[in-house]
Amino acid sequence: MTTETEDHPGGNADTGLSRHVHRLLARVRAFDARHPWPWDTAVTSCWVVAALVDAAGGWRTTAPDPTLPVPLVTVLSLALSVPLYWRRRHPTTILAVMAGAALVSDASGAFLQSSYLQLLPVFHIALLRPPRALLWSLALILPPLVTGAFRFFPESWDQRVVPTLWAYALVALLGIAVRSRKDHTAGLVDRARRLEIERDQEVRLAAAAERTRIAREMHDIIGHNLSVITGLADGGRYAAAKSPERAAQALDAIGTTSREALADLRRLLGVLRDDEEAVRDPQPTLADLDALLTGVREAGLPVRLAADDDPPAPPLSPGAQLTVYRVVQEALTNTLKHAGPDAKATVLLTYTPREVRAEITDTGTGAGRAPRGQGQGLTGMRERAALYDGTLDCGPLPAGGWSVRLRIPLRTSREVSPS
């Protein structure tokens, strides 16, 4: 199939010319809006010269009374042309002044052709004023027409009145049409501006949500890894005197944990860059729980994982798996911080046909430890769970220790995209 441009080689040139003309007209309109006086002066001067030329003698060819004094005709010609300079700012007032001169012209028998210049303020009234202003325009236009017609052409008055009224009606309709087009264009511009504002608001909201997500991820990464490093450092300090090999192992674990934390932070902060080709490491999933628990054990907290052998099919969405992972991570981090030296932890994962449950408990009895479940970490976990219509509960156990319980509906977890 051939395109229109291929069939008509001059199509591109025509399009370019049309765009050039549109740009030129837009510049002219913009200049006229900023500086209206050059155009108003040019239009007024043109019609003043034409009126004075007619007053020099041409008016006698159509006048019923060609014996009228020339000074009177000159004054009437100026009165019908000079006011055009203010037609755009005060069209109704200008039409009233011109209608008075037209009344004298028709009543005296001059019948000056410059009376038709009243069409210009009528156009601007239709363009700029409410529609009812056209009724006042008709009230100003009719008296000169009727007076001249009945005084000098009583038998054929309609031949003078009706065609002139048709001319005024067509000019008024033209003004209304131009006004409607301008209003439509202004409406489109306003709509485009509103859409642009809405898009900007959506971008700002999305940026705020992304900043919140990044801050939450950074809290999880830094808080957990620093807690692990602190536990390893404390254990290594006590082991240094008795078992240098254990101290060296602790230092190795500290180095490994630090490097992993730095890698996670680089990956997370890479999201803030504009480089679309930057490599994005995958977010943690339930398959990474073993590595998480290994790091916690090396930090000195014995932790046991109990999980159902039958995971749901299809599996949890990546976003839901990340939520479970982060909740387990935050709960164990709090245990490392607050549970005391002899605490143990258990992570229990269970699946039902409707939901996945994660329960993290510890046996901590550390005296005077800070109350848990009130910080920013668990607040962020509750927000994560709410994203998947889940719930997060935490609190002390009757026999001592602490419990964090997460539940996420399976159906919702598959419908929400990962954050």
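About the cut-offs
- Residues numbered from 1 in each chain as written.
- Predicted model: local features only at pLDDT ≥ 70, side-chain atom pairs only at ≥ 80, totals over all residues.
- Heavy atoms only, no water.
- Pairing = 2+ DSSP bridges.
- Helix = DSSP H or I, 4+ residues; strand = E, 2+ residues; numbered from the N terminus.
- Axes fitted to C-alpha atoms, helices over the stretch in contact; angles between N-to-C directions.
- Contact = heavy atoms within 4.5 Å.
- Parallel < 35°, antiparallel > 145°, perpendicular 65-115°, else oblique.
- Left-handed = near helix turned anticlockwise from the far one by under 90°.
- Nonpolar A, V, L, I, M, F, W, Y, C, P; charged D, E, K, R; others polar.
- Buried < 20%, exposed > 50% of the residue type's maximum accessible area, 1.4 Å probe, protein only.
- Expected span 1.5 Å × (residues − 1).
- Core = buried A, V, L, I, M, F, W, Y, C linked by side-chain atoms within 4.5 Å.

## Regarding the sheet that holds strand 2 (residues 345-351)
And then number 1: Spatially, the five strands line up as an open sheet ordered 1-2-3-5-4, and their pairing is mixed. Edge strands, defined here as strands with exactly one partner in the open sheet, are strand 1 (303-307) and strand 4 (391-396). Strand-to-strand twist of the sheet, defined as the mean angle between neighbouring strand axes without regard to direction, takes the value 10 degrees.
And then number 2: The pairing of strand 3 (residues 355-362) with strand 5 (residues 402-409) spans eight bridges and is antiparallel. Paired with Val356 across the strands is Ile408, a residue of strand 5.
And then number 3: The strands touched by helix 10 (residues 289-298) are strand 1 and strand 2; relative to strand 1, the strand with the most contacts, the crossing angle is about 160 degrees.
And then number 4: Most of the contacts of helix 11 (residues 318-338) go to strand 5, to which it runs at about 175 degrees, and overall it touches strand 1, strand 2, strand 3, strand 4 and strand 5.

## Considering the packing of helix 3 (residues 37-55) against helix 4 (residues 70-81)
And then number 1: One way to put it is that helix 3 packs onto helix 4 with a least axis distance of 9 Å and a crossing angle of 160 degrees. By the angle class used here, helix 3 and helix 4 are roughly antiparallel. Here helix 3 and helix 4 pass one another in a crossing that is right-handed. On helix 4, the residues that touch Thr44, Trp47, Val48, Ala51, Leu52 and Ala55 of helix 3 are Val70, Val73, Thr74, Ser77, Leu78 and Ser81.
And then number 2: Split by residue class, the contact of helix 3 with helix 4 holds eight nonpolar, four polar and no charged.

## A few points about helix 6 (residues 119-128)
And then number 1: With seven of ten residues buried, helix 6 lies mostly within the body of the structure.
And then number 2: All of the buried residues in helix 6 are Pro121, Val122, Phe123, His124, Ile125, Ala126 and Leu127.

## So, helix 11
And then number 1: Relative to the 30 Å expected for 21 residues at 1.5 Å per residue, helix 11 spans 30 Å between its end C-alpha atoms, a close match to the ideal helical length.
And then number 2: Here helix 11 lies mainly inside the structure; 17 of its 21 residues are buried.
And then number 3: Residue Gly340 follows helix 11 closely and has a positive phi angle near 100 degrees.

## Let's talk about the nonpolar core
And then number 1: In terms of nonpolar packing, the biggest core is built from 33 residues, with Val324, Val328, Leu332, Ile360 and Leu406 touching the most fellow members.
And then number 2: When contributions to this core are tallied by element, the ones reaching two or more residues are helix 10, helix 11, strand 2, strand 3, helix 12 (376-387) and strand 5.
And then number 3: Looking at which element gives the most residues to this core, the answer is helix 11, with seven residues.
And then number 4: Each residue touching Ile360, except ones within four places of it in the same chain, is listed here: Val327, Val328, Ala331, Leu332, Thr346, Val347, Trp402, Ser403 and Val404.

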